[in-house]
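What follows is the residue order along each chain.
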Number of protein chains: 2
Amino acid sequence: MSDRAARPDAVSPTNPTRPRRKVYASDPESPTIRVPFTEVTLGGALEDGVSLGGAPPVRLYDTSGPGSDPQEGLPPLRRHWITGRGDVEEYPGRPVSVRDDGRAVARQSVQGAPAAGGRGTAGAGAGAGAGMGSGPGARSSRWPAPGRQPLRARRAGSTGRRPVTQLHYARAGMITEEMRFAALREGVRPEIVREELAAGRAILPANINHPESEPMVIGRRFLVKVNANIGNSSVTSSVADEVEKLSWATRWGADTVMDLSTGPDIHTTREWIIRNSPVPIGTVPIYQALEKADGRPENLSWELYRDTLIEQAEQGVDYVTVHAGVLLRHVPLTADRVTGIVSRGGSIMAAWCLAHHEENFLYTHFEDLCEIMADYDVAFSLGDGLRPGSVADANDEAQFAELRTLGELTEVAWRHDVQVMIEGPGHVPLHKIAENVTLQQEVCHEAPFYTLGPLTIDVAPGYDHITSAIGAAVIGMHGTAMLCYVTPKEHLGLPDRDDVKQGMMAYKIAAHAADLAKGHPGAQRWDDALSKARFEFRWEDQFNLAMDPETARSYHDETLPAAPAKTAHFCSMCGPKFCSMRISHDLREYAASRGITVRAAVGDGMREKAAEFLEAGASVYIDPATASTRIAPTQDDLESSSGA
Amino acid sequence: MSDRAARPDAVSPTNPTRPRRKVYASDPESPTIRVPFTEVTLGGALEDGVSLGGAPPVRLYDTSGPGSDPQEGLPPLRRHWITGRGDVEEYPGRPVSVRDDGRAVARQSVQGAPAAGGRGTAGAGAGAGAGMGSGPGARSSRWPAPGRQPLRARRAGSTGRRPVTQLHYARAGMITEEMRFAALREGVRPEIVREELAAGRAILPANINHPESEPMVIGRRFLVKVNANIGNSSVTSSVADEVEKLSWATRWGADTVMDLSTGPDIHTTREWIIRNSPVPIGTVPIYQALEKADGRPENLSWELYRDTLIEQAEQGVDYVTVHAGVLLRHVPLTADRVTGIVSRGGSIMAAWCLAHHEENFLYTHFEDLCEIMADYDVAFSLGDGLRPGSVADANDEAQFAELRTLGELTEVAWRHDVQVMIEGPGHVPLHKIAENVTLQQEVCHEAPFYTLGPLTIDVAPGYDHITSAIGAAVIGMHGTAMLCYVTPKEHLGLPDRDDVKQGMMAYKIAAHAADLAKGHPGAQRWDDALSKARFEFRWEDQFNLAMDPETARSYHDETLPAAPAKTAHFCSMCGPKFCSMRISHDLREYAASRGITVRAAVGDGMREKAAEFLEAGASVYIDPATASTRIAPTQDDLESSSGA
């Protein structure tokens, strides 16, 4: 399939001849745990073709997954860990309705077109309509596989059913395979993961119906994570597009992906995404519920929402945004705002509250929600429905009133052993960012914070991946555990594949900047390895260690395309005639040749050595006439390749 | 010329039919002062085609200049202000040498090719060689104009010559036209500009030989400024390319431009840039001096440097980077660094010090330097030759030892009434940024800080405009007065025109984020105007107010290209069926129609009103079937334009 070709890491990922390849680290105590990393082999020559030899390869955190044919899905990595705990059971699952795929499909169905029907064929018709390959035989490979049933917490037993959540296990002192896996990824002891989960300071999103996911942990003591939003709307996109965006996002480092689809084929799109996702999948169930309610918030009900949540939990959604903090009394607090309510979920719930003049049913039924979440280990992402949509509205009464409500709800969820993270803004100017984290950590009892940006200015539509990467880095430094990316299309349109990449790159940068600032152990090793390669003119190592090797290499090619330039001891900034970094090398070589330290070489009494330094030929200037003896390309190479 | 066509603001800039146009504000006390702004007229319809009417236009700071034909240059706006003060004189100027345009031209000259000769023809030959138009008659329009002589401080008078610097005037209590102009641009009283200049907390770079420049002020009490680096190297670029980059940079908001050319035609390139620049021009004279020294640092001398500085001061360079803080005793401090010395100027001076085992001649001759600077009002940008080139090296002994030396030199320069700013790093992780500003402000007595980024991580070559915009925003918030941009090509190649734009956008974002965080009066008005337009679905106003209108509009077009979508009350994120922001409007309308406040509308005792809210049709859901009565595009429009 063409999709496969677009996923470079799916092809021969462990080929040892590639300088960047996927390797697996094993946990000696649990040999079934194999944790993926991207290993970068350093092979550049330091001087005169002498190989570095002893420089160890650099291992980078890897979210790209083992690769899959979208028709087949990923192998159920965690399945035996989940069933091995003996606390889950298969069951027939909720009957699938024609409405699950949205209003458009429901209308087609009335006209006799194929649509999501009973379990076993759900998604087939709509998937075909969406262009995921509709040839004969294609249907049989779709999900759920015939006879496959969802899992839930086991009903049997005299003590009633127990939560099957990682929080429950952590509190019980159990270190699960998922915790071991996540710990190995982070480079910490498994006990640290367990402790952080048990304290509610971290979550490990791992729905028992998403056994394909590679476990990861979200918490301020760990690496800062990045979420990528994908999903269609009523005016754009197909199922195939969304699966491609998923692959693209995880290839560029997405730690989780949210499917925010609101358009047609909503159930089927999600099924394809989950079955192909190596990372936890989040959703906002109210979006699908609204589709089922004909797009009318006032038609929503607890029963409709409950049914939708179970539908998604059975599919394997790992965390859900729930706007349970948008209370009736909070809505008027938005009246004087510049941008009112900008969260889609927040405004749906505000509309429902106003239409019925009743309290938000997600708030009044929060304990019922918790019971469902505990049955599948779906984590809460408590939504900030009243987040500011402009710098003028940042940190206002509406935003912080809702945050306090989310703090109350956190305690309720924890009583049910349900994992919780808290969503945050939005648009916040730089000087108001720290307060967001401080207050959130205080009123939400250190539950992990998960923020959208924030955007630090309002005036750069088209560049909001940058306006918000600034805010994201700063809020990450202050302790935010996961950053929801923003793409260049924010406020303007839905992201395409390249927008997904641009958003991911900006946010991987922000997350790594925060990791360095937090002093995460090991984070700086990556920077040091690349900077050392840069200083030693090991261009290929620099490219291979780069966050985006293709872009780094192609930019270098634009100015100096000739292959010899990749081994040259200079770059296009200064050209071959003088290089800033040579002086340091010359100085070190001079000192080494005299068997003295650099400090001694320029210390007192060294005046007489100055002439020697000159005579030694250790000039920082490389004469073009003799350059070929020291650098690979000739002057002709350079002139013919400069594109002048 | 094709260059002119590429400069949209140069054509009919004040055309009143354009929603974005250049306007001029006058100072009532000095009618010759006309300060440019970009004025954005807001014309969007709020509802049912009713014009906003009363919404005042928004004025934005404008750096693009009046536009020029590169062959003609800009009008000498400040000439009569400069001569009107009665303290300058014309003089024949330094004789131009064939070496001024670099080694390549000097070699051509030996072979009989035309080259920079005596004053009056300097630059003509090399300019032609560089492709700036070599037809007959082209030569006569080049600079310096026949008979034009440079200005310097007047020699006559019994009290000796006086400095002609803005610092000198400010200390004497004079408010110059330049100060008035800059104050009007900033929206502050002229006295504030004078005070900040007199205290050394701000500079107003304004060489008396660059009368084309529109005055601006750099200081932490003012808007954060952005510098764009351009310039050729020995392997790339032509004079025409550099003039185009200048225009492109100022169009996208560059407050100053540094010409860092090291390649051929160095004198001529600078002449073309200065004559066409509406913003102050900075340089690093040691680059040209090194060319004159055959690229051998050990061949440099005070006399050669002095001659080069005068050459550039006569041309009109407004500020120069001087690496006078790289002392012999500092060099060994870099020995254990991951990336040694990465500043080109720093490493040139380190090489000189080592070769001669003498103290840096820029340090030993600093008072002589000051006298030259005072003669033309060239400002110091005291260079950080030992800035860190990797996060590992940030805030180390080498960096801060040099900074303390720059503090000493600041006091020396101020004794000569010479303006000073201090350059800063470089590569600094987020948590070490604040210390840079605090220490700089302390040891340099609050002289303005001017930083390159800093880059907050090392591992994203190809995206260093983003890695560094994060650091730039944060260091700006802490008080840095000007940010030197970094383009996506940093570490990889020399920026082309599009890289210049990408770097500028990232840095205008960083600067504005810092302005908001510092609470600069008026900065948030821009955000509020755009956010209000966004909330009211005034798409055209949103685009016109955007930092980059073209990009915002084209991204919107990608998803919803049809013209009606530009007046639609929805966007592609949610589509026409449900819009988050509608609920706030509906709520406000509902309350207004009842003559009550929004708070009352959802207050106690309003339960009975809920039914009315529903009946009033103020649903947040817009039914596609009736959508045409409320939104411009029909469902067919959308489907045909979604590109599905």
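Residues numbered from 1 in each chain as written. Chains lettered and ligands numbered in written order. Predicted model: local features only at pLDDT ≥ 70, side-chain atom pairs only at ≥ 80, totals over all residues. Heavy atoms only, no water.

Below, the discussion takes up the overall build of chain A. The helix and strand inventory of chain A stands at 25 helices and 17 strands. Among the 644 residues that make up chain A, the fraction classed as buried is 66%. Nonlocal contacts in chain A, meaning residues at least 24 apart in sequence, comprise 73% of its contacts between residues at least 6 apart. Accessible area for chain A stands at about 20500 Å²; split by element, carbon and sulfur atoms hold 51% of it. (Helix = DSSP H or I, 4+ residues; strand = E, 2+ residues; numbered from the N terminus. Buried < 20%, exposed > 50% of the residue type's maximum accessible area, 1.4 Å probe, protein only. Contact = heavy atoms within 4.5 Å. Areas by Shrake-Rupley, 256 points an atom, 1.4 Å probe, with all protein chains shown as cover.)

Moving on, we get to the side chain of Glu212(B). All names here are of chain B. Here Glu-212 lies in the loop between strand 8 (202–203) and strand 9 (218–219). A polar side-chain atom of Glu-212 sits 2.7 Å from a polar atom in the side chain of Arg-275. Once you skip the residues sitting within four places of it in the chain, Glu-212 turns out to touch Leu-74, Pro-75, Pro-76, Leu-77, Arg-148, Ile-274, Arg-275, Ser-277 and Pro-278. (Polar contact = N/O pair within 3.5 Å; in protein donor to acceptor, adjacent residues only side chain to side chain.)

What follows covers helix 19 (residues 523–535) of chain A. Residues and elements named next belong to chain A. Taking 1.5 Å of rise per residue, the 13 residues of helix 19 would be expected to cover 18 Å, and the 19 Å separating its terminal C-alpha atoms lies within 8% of that figure. Taken together, the buried positions of helix 19 are Ala-523, Trp-526, Asp-527, Ala-529, Leu-530, Ser-531, Ala-533, Arg-534 and Phe-535. Just beyond helix 19, the residue with positive phi is Phe-537, at close to 55°. (Expected span 1.5 Å × (residues − 1).)

Let us look at the pairing of strand 1 (residues 20–27) of chain A. All names here are of chain A. Relative to strand 2 (residues 30–40), strand 1 is paired through 8 bridges, and the arrangement is antiparallel. The residue of strand 2 that forms the bridge with Arg-20 is Val-40. In textbook terms, the turn of a hairpin is the stretch between consecutive antiparallel strands, and for strand 1 and strand 2 this stretch comprises 2 residues. (Pairing = 2+ DSSP bridges.)

On to the packing of helix 18 (residues 497–518) of chain A against helix 19 of chain A. All names here are of chain A. Relative to each other, helix 18 and helix 19 sit at 110°, their axes nearing to 8 Å. With respect to their mutual orientation, helix 18 and helix 19 come out roughly perpendicular. On the side of helix 18, the interface is formed by His-512, Asp-515 and Leu-516, while helix 19 contributes Ala-523, Gln-524, Trp-526 and Asp-527. Tallied by class, the residues present in the contact of helix 18 with helix 19 amount to 3 nonpolar, 2 polar and 2 charged. (Axes fitted to C-alpha atoms, helices over the stretch in contact; angles between N-to-C directions. Parallel < 35°, antiparallel > 145°, perpendicular 65-115°, else oblique. Nonpolar A, V, L, I, M, F, W, Y, C, P; charged D, E, K, R; others polar.)

What follows is about the pattern of salt bridges. Throughout the structure, instances matching the rule amount to 90 salt bridges over all chains. Between Asp417(A) and Arg171(A) there is a salt bridge; the shortest N-O distance is 2.6 Å. With Asp417(A) in the loop between helix 15 (397–415) and strand 15 (420–424) and Arg171(A) in helix 5 (residues 166–171), this residue pair connects regions lying 246 residues apart in the sequence. Taking relative accessible area as the criterion, Asp417(A) reaches 12% and is therefore assigned buried. For Arg171(A), a relative accessible area of 39% corresponds to the partly exposed category. A salt bridge links Glu39(B) to Arg59(B), with the shortest nitrogen-to-oxygen separation between them at 3.0 Å. Of this pair, Glu39(B) sits in strand 2 (residues 30–40) while Arg59(B) is found in strand 5 (residues 58–61), placing the two residues 20 residues apart along the sequence. We classify Arg59(B) as partly exposed; its relative accessible area is 45%. Here the salt bridges do not stand alone but share partners, grouping Arg94(A), Asp100(A), Arg270(A), Lys292(A), Asp307(A) and Glu311(A) into one network. (Salt bridge = Lys/Arg side-chain N within 4 Å of Asp/Glu carboxyl O.)

This paragraph deals with the nonpolar core. When a protein is soluble and globular, its nonpolar side chains tend to lie buried together. Judged by nonpolar contacts, the single largest core of 258 residues is most densely connected at Tyr305(A), Phe366(A), Phe380(A), Leu300(B), Tyr305(B), Phe366(B) and Phe380(B). Each residue touching Phe380(B), except ones within four places of it in the same chain, is listed here: Val320(B), Val322(B), Phe366(B), Leu369(B), Cys370(B), Met373(B), Ala413(B), Val418(B), Gln419(B), Val420(B) and Met421(B). Residues Val164(A), Ala182(A), Val193(A) and Leu204(A) belong to the second largest nonpolar core, which totals 20 residues. (Core = buried A, V, L, I, M, F, W, Y, C linked by side-chain atoms within 4.5 Å.)

Once that is clear, we can look at the sheet that holds strand 11 (residues 256–259) of chain B. All names here are of chain B. The strand order 10-11-12-13-14-15-16-17 describes a closed barrel built from 8 strands, whose pairing is parallel. Here the average twist between neighbouring strands, direction ignored, is 25°. Alignment of strand 10 (residues 225–230) against strand 17 (residues 482–484), held across 3 bridges, turns out to be parallel. The partner of Val-226 across the bridge, within strand 17, is Leu-483.

With that settled, the discussion passes to helix 7 (residues 190–198) of chain A. Residues and elements named next belong to chain A. Among all positions of helix 7, only Ile-192, Val-193, Arg-194, Glu-196 and Leu-197 are buried. Tucked into the core, helix 7 has its buried residues touching helix 5, helix 6 (177–186) and strand 8 (202–203). Immediately beyond the C-terminal end of helix 7, within one or two residues, lies Gly-200, with a positive phi of roughly 80°.

The next point concerns the pairing of strand 16 (residues 449–452) of chain A. All names here are of chain A. Residue alternation in strand 16 divides its side chains into two sets, Phe-449 and Thr-451 and Tyr-450 and Leu-452, and both sets are buried. Once you follow strand 15 into helix 16 (residues 433–443) and on to strand 16, the crossover reads as right-handed. Where strand 16 meets strand 17 (residues 482–484), 3 bridges bridge the pair, whose relative direction is parallel. The residue of strand 17 that forms the bridge with Tyr-450 is Met-482. Traced from strand 16 through helix 17 (residues 464–477) to strand 17, the parallel crossover comes out right-handed. (Right-handed = clockwise from strand over helix to strand, strands pointing away.)

What holds strands together in a sheet is hydrogen bonding between their backbones, with the strands either parallel or antiparallel. Residue and element names in this part refer to chain A. In spatial order, the strands read 1-2-5; together these 3 strands make up an open sheet with antiparallel pairing. The open sheet has two free edges, formed respectively by strand 1 and strand 5 (58–61), since each of these has just one partner strand. Averaged over neighbouring strand pairs, the angle between their axes works out to 50° when direction is ignored. Note that strand 2 and strand 5 share 4 bridges and pair antiparallel. In the sheet register, Glu-39 faces strand 5, and the bridge partner there is Arg-59.

Within this structure, the stated rule accounts for 0 disulfides over all chains. Note on Cys353(A): no disulfide assigned, nearest cysteine sulfur contributed by Cys370(A) at a separation of 18 Å. In this structure Cys444(B) is a free cysteine whose sulfur lies 14 Å from that of Cys370(B), the closest cysteine sulfur available. The exposure class of Cys444(B) is buried, given its relative accessible area of 0%. (Disulfide = S-S within 2.5 Å.)

Topologically, Asp318(B) is positioned in the loop between helix 11 (302–315) and strand 13 (319–322). Setting aside chain neighbours within four positions, we find Asp318(B) in contact with Pro205(B), Ala206(B), Asn207(B), His210(B), Val279(B), Pro280(B), Ile281(B), Asp377(B), Val378(B) and Ala379(B).

Before going further, it helps to spend a moment on unusual backbone geometry. Following Pro425(A), the chain continues to Gly426(A) via a peptide bond in cis, the omega torsion being 5°. Along the chain, Gly426(A) turns up in the loop between strand 15 and helix 16. In this structure, Phe537(A) takes a positive phi of about 55° despite not being glycine. Examined against the element boundaries, Phe537(A) turns out to sit in the loop between helix 19 and helix 20 (539–545). With a phi angle near 45°, His357(B) is a residue other than glycine that sits in the positive phi range. Here His357(B) shows up in the loop between helix 12 (344–356) and helix 13 (361–364).

With that settled, the discussion passes to the confidence of the model for chain A. Residue and element names in this part refer to chain A. Per-residue confidence for chain A averages 83 on the pLDDT scale, and 75% of its residues sit at or above 70. Per-residue pLDDT stays below 50 along residues 112–141; that stretch engages in 53 contacts with residues further than four places along the chain or on separate chains. Across the predicted assembly, pTM comes out at 0.88 and ipTM at 0.88. (pLDDT = per-residue confidence, 0-100.)

Residues and elements named next belong to chain B. Tracing the chain through its elements places Ser-468 in helix 17 (residues 464–477). For the pair Ser-468 and Gly-160, spaced 308 residues apart in sequence, the C-alpha to C-alpha distance is 47 Å. Ignoring any residue separated from it by four or fewer positions in sequence, one finds Ser-468 in contact with Gly-453, Pro-454, Leu-455, Val-486 and Tyr-507. In terms of polar contacts, Ser-468 uses its side chain to reach the backbone carbonyl oxygen of Asp-464, at 2.5 Å.

Take the packing of aromatic side chains next. Considering all chains together, one arrives at 14 aromatic pairs over all chains under this definition. The interplanar angle of 40° and the centroid separation of 6.1 Å between the aromatic rings of Trp539(A) and Phe543(A) together place this pair among those described as tilted. With Trp539(A) and Phe543(A) both in helix 20, this residue pair falls 4 residues apart, about one helical turn. Summarising the aromatic geometry, the rings of Trp248(B) and Trp252(B) are spaced 6.0 Å apart at their centres and angled 80° between planes, so their arrangement reads as edge-to-face. The residues Trp248(B) and Trp252(B) share a single accessibility class, namely buried. Counting every residue linked through ring pairs, the aromatic cluster contains Tyr305(A), Trp352(A) and Phe361(A). A cation sits over an aromatic face here: Arg152(B) above Tyr91(B), 4.1 Å from the ring centre. (Phe/Tyr/Trp six-rings, centres within 6.5 Å; stacked < 30°, edge-to-face > 60°. Lys NZ or Arg CZ within 6 Å of the ring centre and 35° of its normal.)

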